[in-house]
Amino acid sequence: MEGGRRVLANLIHSQVDLHREFGGVVPELAARDHLERLPGLVDLALAKAEVAPGDIDLLAVTRGPGLVGCLLVGVGVGQGLAAAWDRPLTGVNHLWGHIYAAMLTRPELEPPLLGLVVSGAHSDLVRMPEHGRFEVIGRTRDDAAGEAFDKAARMLGLGFPGGPALDRLARQGDPKRQPLPKPSLPGLEYSFSGLKTALLYRLRDLGEGVTDQDRADLAAAFEQSVVESLLEKLDAALDEGPVGEVVVAGGVAANTLLRRRAAEVVEGRGRLTLPPLELCTDNAAMIAAAGSHGKVLPADVDPSLGWD
Ligand code: KG4
Ligand code: ZN
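Before going into details, it helps to say that this report is about the structure given with it. In this text, all values refer to a predicted model and were calculated from it rather than measured experimentally.

Observations regarding the sheet that holds strand β3 (residues 113–118)
What the five strands build is an open sheet, ordered β5-β4-β3-β6-β7; its pairing is mixed. Two strands in the sheet have a free side with no partner beyond their single neighbour: β5 (133–138) and β7 (270–273). Within this sheet the neighbouring strands show an average axis-to-axis angle of 25 degrees, counted without direction. The sheet contact formed by strand β6 (residues 244–249) and β7 spans four bridges and is parallel.

Description of helix α3 (residues 68–85)
Because the α-helix completes a turn every 3.6 residues, residues three or four places apart line up on one side. For α3, built from 18 residues, the straight-helix expectation of 26 Å at 1.5 Å per residue is met to within 8% by its first-to-last C-alpha distance of 25 Å. Every buried residue belonging to α3 is among Cys 70, Leu 71, Val 73, Gly 74, Val 75, Val 77, Gly 78 and Ala 82, and all of these are buried. Of the surrounding elements, those touching the buried residues of α3 are α2 (27–49), β1 (59–64) and β2 (89–93). The first or second residue beyond α3 is Asp 86, which carries a positive phi of 55 degrees.

Considerations on unusual backbone geometry
Geometrically, the link from Pro 111 to Pro 112 is a cis peptide bond, its omega value of 10 degrees lying close to zero. Topologically, Pro 112 is positioned in the loop between α4 (94–105) and β3. The linkage connecting Phe 160 with the following residue, Pro 161, adopts the cis geometry, with an omega of -5 degrees. Here Pro 161 shows up in the loop between α5 (145–155) and α6 (162–170). Despite not being glycine, Glu 50 has its phi angle at roughly 55 degrees, a positive value.

What to know about α6
Here α6 lies mainly inside the structure; seven of its nine residues are buried. Where α6 is concerned, the buried positions are Gly 162, Gly 163, Ala 165, Leu 166, Asp 167, Leu 169 and Ala 170. Those residues of α6 that are buried lie in contact with α5, α8 (212–239) and α9 (256–266).

Observations regarding the site of ligand 1
Taken together, the neighbourhood of ligand 1 is formed by 17 residues, with His 98, Gly 120, Asp 150, Asp 167 and Asp 282 sitting nearest. At 2.8 Å from an oxygen atom of ligand 1 is found a main-chain nitrogen or oxygen belonging to Gly 120. The backbone of Gly 163 places a nitrogen or oxygen atom 3.2 Å from an oxygen atom of ligand 1. Bound to the protein, ligand 1 loses 84% of the 550 Å² it would expose on its own. Those elements that place two or more of their residues in the shell around ligand 1 are α4, α5 and α6.

Some words on the packing of aromatic side chains
Per the stated rule, a full pass over the model turns up three aromatic pairs. With a centroid separation of 5.1 Å and 40 degrees between ring planes, the pair formed by Trp 96 and Phe 134 is classed as tilted. One end of the pair, Trp 96, is in helix α4; the other, Phe 134, is in strand β5, and 38 residues separate them in sequence. Owing to a relative accessible area of 6%, Trp 96 belongs among the buried residues under this scheme. Taking 6.1 Å as the distance between ring centres and 65 degrees as the angle between the ring planes, the aromatic pair formed by Phe 149 and Phe 222 counts as edge-to-face. One end of the pair, Phe 149, is in helix α5; the other, Phe 222, is in helix α8, and 73 residues separate them in sequence. Just as Phe 149 is buried, Phe 222 falls in that class too.

Considering the packing of α8 against α9
Working note: a packed helix pair is described by the angle between its axes plus the distance between those axes. Contact geometry for α8 and α9: axes closest at 10 Å, N-to-C directions at 25 degrees. Here α9 runs roughly parallel to α8, going by the angle between their axes. The way α8 lies across α9 gives a crossing that is right-handed. Contacts between α8 and α9 involve Glu 223, Gln 224, Val 227, Glu 228, Leu 230, Leu 231, Leu 234, Asp 235 and Leu 238 from the first element and Leu 257, Leu 258, Arg 261, Ala 262, Val 265 and Val 266 from the second. When its residues are assigned to classes, the contact of α8 with α9 shows 10 nonpolar, one polar and four charged.

What counts, and at which threshold
Residues numbered from 1 in each chain as written. Chains lettered and ligands numbered in written order. Predicted model: local features only at pLDDT ≥ 70, side-chain atom pairs only at ≥ 80, totals over all residues. Heavy atoms only, no water. Pairing = 2+ DSSP bridges. Helix = DSSP H or I, 4+ residues; strand = E, 2+ residues; numbered from the N terminus. Axes fitted to C-alpha atoms, helices over the stretch in contact; angles between N-to-C directions. Expected span 1.5 Å × (residues − 1). Buried < 20%, exposed > 50% of the residue type's maximum accessible area, 1.4 Å probe, protein only. Contact = heavy atoms within 4.5 Å. Near = heavy atom within 4 Å. Polar contact = N/O pair within 3.5 Å; in protein donor to acceptor, adjacent residues only side chain to side chain. Areas by Shrake-Rupley, 256 points an atom, 1.4 Å probe, with all protein chains shown as cover. Phe/Tyr/Trp six-rings, centres within 6.5 Å; stacked < 30°, edge-to-face > 60°. Parallel < 35°, antiparallel > 145°, perpendicular 65-115°, else oblique. Left-handed = near helix turned anticlockwise from the far one by under 90°. Nonpolar A, V, L, I, M, F, W, Y, C, P; charged D, E, K, R; others polar.

Nothing here speaks to function; it is geometry throughout.
Structure representation (structure tokens):
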């Protein structure tokens with residue numbers, strides 16, 4: 001990354017093939033694979049960016065939240081490189097990273113902003129008054145949106161990863177043919193576990209007679225309920241006062257319906273930034289972008305699990 005906003009190299013080693021046969025991420029395999037792949041990936045990124053270690057001012061690594069084994073590998077490699085190259089290292093919050101992905105999309109974007117971060121483990125509404133400061137104003141009581149999509153995809157017999165597969169199937173369905181309830185909690189809280197149970201019962205009722213069209217219709221209905229619930233609270237947060245900039249980010253922000261509907265909900269009330277798909281799902285560029293606002297890591301760092 002150059003200047004915090006210009007990406008020189010952004011490489012990903014996907015673990016999808018590694019985890020596919022298990023139908024979900026196996027933490028132990030994920031951490032081992034990180035350990036095997038990270039050093040080579042760093043070399044490749046330096047080569048692609050045409051940068052030597054001596055040119056680097058700052059290293060940044062994800063400090064959390066996430067799978068502890070993976071975080072420990074990342075932080076360990078970061079500390080090793082920082083020591084070998086004699087450079088400072090900051091620990092970045094993964095959720096901050098998702099918001100900073102929006103600043104790679106529109107380099108002139110600055111806080112204050114209202115953010116919706118939707119990933120495999122989080123559905124958080126946040127206000128960001130300035131760089132490096134976040135106030136969580138809404139979160140989920142149970143499952144995150146991405147987790148709900150992944151579980152629904154599994155119930156519908158779709159492969160891993162579930163979210164993108166459900167997105168594709170929903171495009172062939174009609175959400176009105178097999179409607180599912182839209183979760184609704186007071187205030188800015190989310191809940192997706194009841195919706196998941198509703199899908200389970202509907203599939204049980206359909207039994208062996210379930211058709212491909214039923215499955216597509218159910219995917220569309222499930223997607224609509226999750227998306228409308230996410231946006232209902234964003235809408236309420238927008239009503240609380242003028243915000244100007246609005247960011248929707250995280251893996252679930254790659255969802256086709258969410259992208260379309262978010263644009264409609266924000267229209268006329270703020271300026272929406274949606275990162276392109278490759279910057280919505282986890283990536284290194286977003287961590288580098290947030291890097292200069294991270295905290296310099298002490299040697300005995302622990303993974304962090306919240307927004308701090
Ligand atoms: O941010 P992310 O890449 O990883 C975490 O930090 O969790 O988000 C991954 C989540 C997964 O649950 C995945 O199924 C979901 O994002 N996801 C999607 C789509 N693409 C990724 N969910 C719905 N529609 C998509 N197109
Ligand atoms: Zn993420």
